[in-house]
Amino acid sequence: ALGPHGLDGQFDFPLMWQLRSTLGRGQSSMVALDSTVRESSRTWLTVGGGDSGRAIMSPFIGNHDVPRFLSDAAGDEVWDPVDNPPTLPDSDAPYRRLVLAQAVVLTQPGAPVIYYGDEFGMVGATDPDNRRAMRFDEELTTREQWTLESVARIGRLRRCLPSLRRGSRMTLVVDDDVYVYLRDLGDGEPAIVVLNRSDAPQSVEADVPHDLQLGTSTVRDVLGTTTVSVTNSRLAPFTVPPLSVMILIPEGSRCHDQ
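What counts as what
- Residues numbered from 1 in each chain as written.
- Predicted model: local features only at pLDDT ≥ 70, side-chain atom pairs only at ≥ 80, totals over all residues.
- Heavy atoms only, no water.
- Helix = DSSP H or I, 4+ residues; strand = E, 2+ residues; numbered from the N terminus.
- Expected span 1.5 Å × (residues − 1).
- Contact = heavy atoms within 4.5 Å.
- Phe/Tyr/Trp six-rings, centres within 6.5 Å; stacked < 30°, edge-to-face > 60°.
- Buried < 20%, exposed > 50% of the residue type's maximum accessible area, 1.4 Å probe, protein only.
- Disulfide = S-S within 2.5 Å.

> How should I be thinking about helix 4 (residues 93-105) in this particular structure?
Helical geometry: 3.6 residues make up each α-helical turn, so side chains three or four residues apart lie on a common side. The terminal C-alpha atoms of helix 4, which comprises 13 residues, lie 19 Å apart, in line with the 18 Å expected from a rise of 1.5 Å per residue. In this structure, the buried residues of helix 4 make contact with helix 1 (13-24), helix 3 (69-73), helix 5 (142-160), strand 2 (178-184), strand 3 (191-196) and strand 8 (244-250).

> When you look at the packing of aromatic side chains in this model, what are you seeing that I'm missing?
Two numbers describe a pair of aromatic rings. These are the distance of the centres and the angle of the planes. This structure, assessed with the given rule, holds five aromatic pairs. With a centroid separation of 5.1 Å and an interplanar angle of 90°, the aromatic rings of Phe13 and Phe60 are classed as edge-to-face. Pair noted here: Phe13 is in helix 1 and Phe60 is in the loop between helix 2 (30-45) and helix 3, with a separation of 47 residues, a long-range link. With a relative accessible area of 35%, Phe13 lands in the partly exposed category. Seen from their ring centres, Tyr179 and Tyr181 are 5.0 Å apart, and the 55° between their planes marks the pair as tilted. As far as the burial class goes, Tyr179 and Tyr181 line up, both buried.

> Would you take a moment to explain the state of the cysteines for this structure?
A covalent bond bridging the sulfur atoms of two cysteines is what the word disulfide describes. All told, the structure shown has one disulfide when counted by the stated rule. Linked covalently through their sulfurs, Cys160 and Cys255 form a disulfide whose S-S length is 2.0 Å. Its S-S torsion of approximately -85° makes the covalent link between Cys160 and Cys255 left-handed. With Cys160 in helix 5 and Cys255 in the segment after strand 8, the pair connects residues that are 95 residues apart, well separated along the chain.

> I tried to follow unusual backbone geometry on my own but got confused; where do I start?
Excluding glycine, most residues fall at negative phi; most peptide bonds, likewise, are trans. At the junction of Asp127 and Pro128, the peptide bond is cis and its omega measures out at 10° in the coordinates. Tracing the backbone shows Pro128 in the loop between helix 4 and helix 5. One non-glycine residue, Asn232, lies in positive phi territory at about 50°. One can find Asn232 in the loop between strand 6 (227-229) and strand 7 (234-240). Positive phi is not limited to glycine here, since Ser233 has a value of about 60°. Residue placement: Ser233 occurs in the loop between strand 6 and strand 7. Given a relative accessible area of 17%, Ser233 falls into the buried group.

Written out as structure tokens, the structure reads:
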């Protein structure tokens, strides 16, 4: 249990199951995901050890006890590991859904955990099929290599940008398919995370706090080339491609080069 006489933190299982439902299988909305994130934040704030009284939770998308996220997202049979083990998906969509989920994990407070193989999208049903031998480098397919680099890029950004590790969190926009939230430490280098779990492009515009210290009037996506102007505490409208994530940070940030 969490508390002053218990653990300082533990795995965030409620978030894991919600990520699978919302981003993996598309069964629940981004509103439901936001609700889970908010509820978890309220709960962890008042428990745990240390001087802060806040548990250091570990967000994650899967571990050795559950089917692989990728196979779940592909709609494969994941409860028959012996007679019907999943095979590699034949489309990009499950990999893109995995990157969306890992983007959420890597932009939350706490200590994110990545189970081996979930950085590139290993397949597998439930135990023991979720413990297949690790593969590396030239053993990875083109889709797996893209997934690995996407997740690694977000991980490097988290290492570079303190706001993603210790900043406050604020939801800016949320509907069935789009989720936009801010991580800010007040140091002039906030991050705006934009997720589109729809199969269609989505137009997004959002207000930002009036006292947000951006250090620039333009933010740029770390994972792509999109730039968005910020005028009168509002992001200009921009388009988010299907099944994709953007992480917008100030144009001049050193973290663009990570």
